[in-house]
Amino acid sequence: MKKKFLLLFLGVFGCTFCLQVSAQEVFFQNDNGVILTYEEYEFFSKMYWDGYQENVTFEELAKIKNLNLIHASIESKSVLSDYLTRSSSIESNLRRLTITKACTSQCLVTLKNEWLGTPFVKSYDVMGVRLDNVSIKNTGNLIVSGNGNNQSYVNPKVLANGFAYSFVLPNANNLIATMTFYTDLGGTIYGSYQHAISNTTQLVSTQYTIGAGGFGNVFLFYGNARNVYDGMNGVDIAV
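Reading the values: the criteria
Residues numbered from 1 in each chain as written. Predicted model: local features only at pLDDT ≥ 70, side-chain atom pairs only at ≥ 80, totals over all residues. Heavy atoms only, no water. Disulfide = S-S within 2.5 Å. Buried < 20%, exposed > 50% of the residue type's maximum accessible area, 1.4 Å probe, protein only. pLDDT = per-residue confidence, 0-100. Contact = heavy atoms within 4.5 Å. Pairing = 2+ DSSP bridges. Helix = DSSP H or I, 4+ residues; strand = E, 2+ residues; numbered from the N terminus. Axes fitted to C-alpha atoms, helices over the stretch in contact; angles between N-to-C directions. Salt bridge = Lys/Arg side-chain N within 4 Å of Asp/Glu carboxyl O. Polar contact = N/O pair within 3.5 Å; in protein donor to acceptor, adjacent residues only side chain to side chain. Arc of directions from axis to C-beta. Parallel < 35°, antiparallel > 145°, perpendicular 65-115°, else oblique. Nonpolar A, V, L, I, M, F, W, Y, C, P; charged D, E, K, R; others polar.

## Here's the deal with the state of the cysteines
Thought 1: Summed over all chains, the structure comprises one disulfide.
Thought 2: Between the sulfur atoms of Cys103 and its disulfide partner Cys107 the distance amounts to 2.0 Å. Of note, the bridge from Cys103 to Cys107 carries an S-S torsion of about 110° and is right-handed in sense.
Thought 3: Judged by its relative accessible area of 0%, Cys107 is buried.

## Structural notes on the confidence of the model for the protein chain
Thought 1: With 85% of its residues at a pLDDT of 70 or more, the protein chain has an overall mean of 88.
Thought 2: Every residue in residues 1–21 scores below 50 in pLDDT, and together they form 31 contacts with partners more than four places removed in sequence or on other chains.
Thought 3: Within the model, pLDDT remains below 50 along residues 83–91, and this stretch shows 21 contacts once partners closer than five positions in the same chain are excluded.

## Topic: the sheet that holds strand β7 (residues 136–146)
Thought 1: Spatial ordering of the open sheet is given by β3-β4-β5-β11-β7-β8, a layout of six strands whose pairing is antiparallel. At either margin of the open sheet sits one strand with a lone partner, and together these are β3 (74–80) and β8 (149–153). Looking at each pair of strands side by side, their axes are set apart by 15° on average, direction ignored.
Thought 2: Bridging between strand β4 (residues 95–103) and strand β5 (residues 107–115) involves nine bridges; their strand directions are antiparallel. Considered in β5, the bridge of Arg96 is made with Glu114.
Thought 3: The sheet contacts of helix α2 (residues 38–47) involve β3, β4 and β5, and relative to β4 the element is tilted by about 130°.

## Some remarks on the pattern of salt bridges
Thought 1: For the structure shown, the criterion picks out five salt bridges.
Thought 2: Across the pair Lys65 and Glu40 runs a salt bridge whose closest N-O atoms are separated by 3.3 Å. With a gap of 25 residues between them, Lys65 in helix α3 (residues 58–66) and Glu40 in helix α2 connect regions that are remote in the sequence.
Thought 3: Residues Glu114 and Arg96 are paired through a salt bridge, measuring 3.4 Å at the closest nitrogen-oxygen approach. Of this pair, Glu114 sits in strand β5 while Arg96 sits in strand β4, and the two are 18 residues apart along the sequence.
Thought 4: Classification of Arg96 by relative accessible area gives partly exposed; the value is 32%.

## Re the side chain of Thr110
Thought 1: By secondary structure assignment, the location of Thr110 is in strand β5.
Thought 2: Given a relative accessible area of 0%, Thr110 falls into the buried group.
Thought 3: Engagement of the side chain of Thr110 in a polar contact is seen with the backbone oxygen of Met47, the distance being 2.6 Å.
Thought 4: Leaving out residues up to four positions away in the same chain, Thr110 has contacts with Met47, Tyr48, Thr98, Ile99, Thr100, Thr178, Met179 and Thr180.

## Digging into α2
Thought 1: Residues of α2 that are buried include every one of Glu40, Tyr41, Phe43, Phe44 and Met47, and no others. Down the axis, α2 shows its buried residues gathered within 155° of arc, on one side only.
Thought 2: Structurally, α2 contributes buried residues whose contacts are with β1 (28–29), β2 (35–36), α3, β3, β4 and β5.

## A look at the packing of α2 against α3
Thought 1: α3 packs onto α2 with a crossing angle of 100° between their chain directions and a minimal axis gap of 13 Å. Here α3 runs roughly perpendicular to α2, going by the angle between their axes. On the side of α2, the interface is formed by Glu40, Phe43 and Phe44, while α3 contributes Glu60, Leu61, Ile64 and Lys65.
Thought 2: Classifying every residue of the contact of α2 with α3 gives four nonpolar, no polar and three charged.

Structural data, given as structure tokens:
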């Protein structure tokens, strides 16, 4: 991904731009027109991944600034999958699942699945969270990225104790799926990414409830979905 790092010279551009941001602060600008300082750029790298900055919107940055999250402490927990799951031996199932938080009066939480191999089956995967004594402020979205192409999802299946997305992996390499959401303080968040090891449908991918003891400590599959997903371990974080 080509990054557009800016070196601005005082006096070259008009005062309108100077009123928006000083030349010393400008580090990066994406195709949405969003300008980031170095500190803001590093925040998104830690909360998401280096390259996510291309997706940042004005509204997203404004919310993060209003909550003063740029200066908040960031904490992450990860789990690495292995080949001892229910997936086929011909599939490279290696991937890393990471949950990350930054909290002030609210918590910004991200759940990221990064493929370290290339999945053979690309059907309806599911990614979601279980909430224990935590209230959601905003379910946010999910972005699936591969080779610089991004697909955004904004309509999760929402249950009383959590929510999740169903989505099809694109035919691309360097696949990363990232959920973003806001919560209040207190309690624990459990995150899970379950990969379909056989072709399935969107309807089947929604055949689950959310509860302790499920796949990744999140997904309790039923019906035809019981034998579809690989059973990767989940992650959790206190907020």
